[in-house]
Amino acid sequence: MIGYYVHHQGSGHLHRARAVAAHCPLPVTGLSALPCPDDWPGHWVRLPRDDDGAPAAFGDVTAGGRLHWAPVRHPGFRRRMALIAQWIAAASPRLVVSDVSVEVALLARLMGTPVAVAAMRGERTDPPHRTAYDMADLLLAPWPAALPEPGWPEHWRAKTVHTGAFSRFDGRPHPDPVERPVTPRRVLLLMGSGGTDVSPGEVKAAQAATPGWRWTTLGGPDGAWSADPWPALCAADVVVTHAGQNALAECAAARRPAVVVPQERPFGEQAATGRALTRGRLAVVAPRWPEAEDWPALLEQARAHGGDRWSQWAPGDGAARAAAALAGAACRGRSL
């Protein structure tokens, strides 16, 4: 039995967990404040939120800089940690995966359970991250080994499995092509559900500056929502997206040319991902949302670059590799 903690911020953690659980040879129980997805293959423990209520009443959520989120006297936080502890005591999992919470990783390890941590790019040498990465039995890095995160200590690298990026769309065939005019070409603006730095005005200015392109927006405060963006991804001549792991994995699965604009995120995660994409020459990367007059050249540059190099970022078997690594970690020490 494996326990898999899924953070409720954005959609990427859940998409990643679903892909891994579908390949895992061991039973997987989900632990999350999110509702159980219809295709989850095992049990699901629904947790209360730990971030609702008045922020002023949360107290020192970092416990003096040693944790990331431990609100003081918050009933939801207390209850969720109790539910996780109760489940660990009752189920005796062979492994708990944290994607991603330092506090959940610490709780599981303090209860004598091996822990795997979903690694993230960016500056992770702060005390909470260092503690979680140091104590983890396994670090799952959803990016290729050929583009490692610079500056990691050797003992982190020694227990890291680089799976390459993976998504719910890996292995899915492209839709049959549909005859359509050569112009206007199609831009898919893929926004996330975890927040955006881009204003509606900036998007409209980019659209106005590129009359030869037709823009469609999915996600974000003003975009449409689609349960299945795969057809739109495959139909796009260029995808414009942020540098979140899930959005890039889905773009890579479709092998679409891309303009990637990293967003501001804690610990510089997306900026670090953008630097890795630049090193690998995988996409056109803009450090911030470009000026309107720059968009025509950027879209043409991305289209000329193409999307074939995405196979280096997302080879297509990342979820299966992650599941195999987790099963292997869970089976070590089985006689105990």
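You'll find the structure just up there.
Every value quoted in this text rests on a predicted model; they were computed, and no experiment measured them. (Residues numbered from 1 in each chain as written. Predicted model: local features only at pLDDT ≥ 70, side-chain atom pairs only at ≥ 80, totals over all residues. Heavy atoms only, no water.)

**Overview of the layout of surface pockets**
Then comes step 1: Considered as a void within the structure, the second largest pocket measures approximately 250 Å³ in volume.
Then comes step 2: If one sorts the elements of the lining of the second largest pocket by residue count, helix H9 (residues 269-279) sits on top with three residues.
Then comes step 3: The residue makeup of the lining of the second largest pocket, split by class, is seven nonpolar, three polar and six charged. (1 Å grid on protein atoms, 1.4 Å probe; cavity = no way out; pocket = protein on both sides within 12 Å on 5 of 7 lines; lining within 4 Å. Points joined across faces, edges and corners; volume = space filled by probe spheres on them. Helix = DSSP H or I, 4+ residues; strand = E, 2+ residues; numbered from the N terminus. Nonpolar A, V, L, I, M, F, W, Y, C, P; charged D, E, K, R; others polar.)

**Considerations on the side chain of Thr113**
Then comes step 1: Position of Thr113 relative to the elements: it lies in the loop between helix H3 (102-110) and strand E5 (115-118).
Then comes step 2: Given the relative accessible area of 5%, Thr113 is considered buried.
Then comes step 3: Each residue touching Thr113, except ones within four places of it in the same chain, is listed here: Ile88, Pro93, Leu95, Val96 and Ala108. (Buried < 20%, exposed > 50% of the residue type's maximum accessible area, 1.4 Å probe, protein only. Contact = heavy atoms within 4.5 Å.)

**Here we look at the sheet that holds strand E6 (residues 138-141)**
Then comes step 1: Across the sheet, which stays open at both edges, the seven strands sit in the order E3-E2-E1-E4-E5-E6-E7 with parallel pairing between neighbours. Each end of this open sheet is capped by a strand with a single partner; those strands are strand E3 (44-46) and strand E7 (160-162). When strand polarity is set aside, the average angle formed by the axes of neighbouring strands in this sheet is 20 degrees.
Then comes step 2: Sheet topology note: the strand E1 (residues 2-6)/strand E2 (residues 28-32) ladder contains four bridges and is parallel. Bridge assignment links Gly3 to a residue of E2, and that residue is Thr29.
Then comes step 3: This element, helix H12 (residues 318-331), spans E1, strand E4 (95-99), E5, E6 and E7 of the sheet and lies at about 175 degrees to E6. (Pairing = 2+ DSSP bridges. Axes fitted to C-alpha atoms, helices over the stretch in contact; angles between N-to-C directions.)

**Comments concerning empty space enclosed by the protein**
Then comes step 1: Scanning the model with the defined rule gives three cavities of 30 Å³ or more in all.
Then comes step 2: By volume, the largest cavity amounts to about 80 Å³.
Then comes step 3: In the lining of the largest cavity, the residues fall into seven nonpolar, six polar and one charged.
Then comes step 4: In this structure, the second largest cavity encloses a volume near 70 Å³.
Then comes step 5: Lining the second largest cavity are Tyr4, Arg16, Asp99, Ala118, Ala119, Leu140, Ala141, Pro142, Thr163, Phe166, Gln245 and Ala322.
Then comes step 6: When its residues are assigned to classes, the lining of the second largest cavity shows eight nonpolar, two polar and two charged.

**Considerations on the packing of helix H1 (residues 12-23) against H12**
Then comes step 1: Between H1 and H12, the shortest axis-to-axis distance is 8 Å and the interhelical angle comes to 65 degrees. On the basis of the axis angle, H1 is roughly perpendicular to H12. As for how H1 packs across H12, the hand of that crossing is right-handed. In contact with Ala19, Val20 and His23 of H1, H12 contributes Ala319, Ala320, Ala322, Ala323 and Leu326.
Then comes step 2: Broken down by class, the residue content of the contact of H1 with H12 amounts to seven nonpolar, one polar and no charged. (Parallel < 35°, antiparallel > 145°, perpendicular 65-115°, else oblique. Left-handed = near helix turned anticlockwise from the far one by under 90°.)

**Examining the pairing of E6**
Across a regular strand the side chains alternate sides, sitting on one face of the sheet and then on the other.
Then comes step 1: The side-chain alternation of E6 yields two buried faces, one formed by Leu138 and Leu140 and the other by Leu139 and Ala141.
Then comes step 2: As judged from the three bridges shared by E5 and E6, these two strands associate in the parallel manner. Along E6, the bridge assignment pairs Ala116 with Leu138.
Then comes step 3: Where the polypeptide runs from E5 across helix H4 (residues 127-135) and back to E6, its parallel neighbour, the crossover connection is right-handed.
Then comes step 4: In this sheet, E7 lies alongside E6 in parallel orientation, the contact comprising three bridges. From the neighbouring strand, Ala141 faces E7, where its bridge partner is His162. (Right-handed = clockwise from strand over helix to strand, strands pointing away.)

**Quick notes on the environment of Glu293**
Then comes step 1: With respect to the secondary-structure elements, Glu293 resides in the loop between strand E12 (284-285) and helix H10 (295-305).
Then comes step 2: Separated by 186 residues in sequence, Glu293 and Leu107 place their C-alpha atoms 51 Å apart.

**Concerning the sheet that holds E12**
Then comes step 1: Read from one edge of the open sheet, five strands run E9-E8-E10-E11-E12, paired in parallel fashion. Looking at strand neighbours, the two that pair on one side only are strand E9 (213-218) and E12, the edges of this open sheet.
Then comes step 2: As paired strands, strand E10 (residues 238-241) and strand E11 (residues 258-260) are joined by three bridges and run parallel to one another. For Val240, the partnering residue across the bridge sits in E11 and is Val259.

Just geometry here; none of it tells us what the structure is for.
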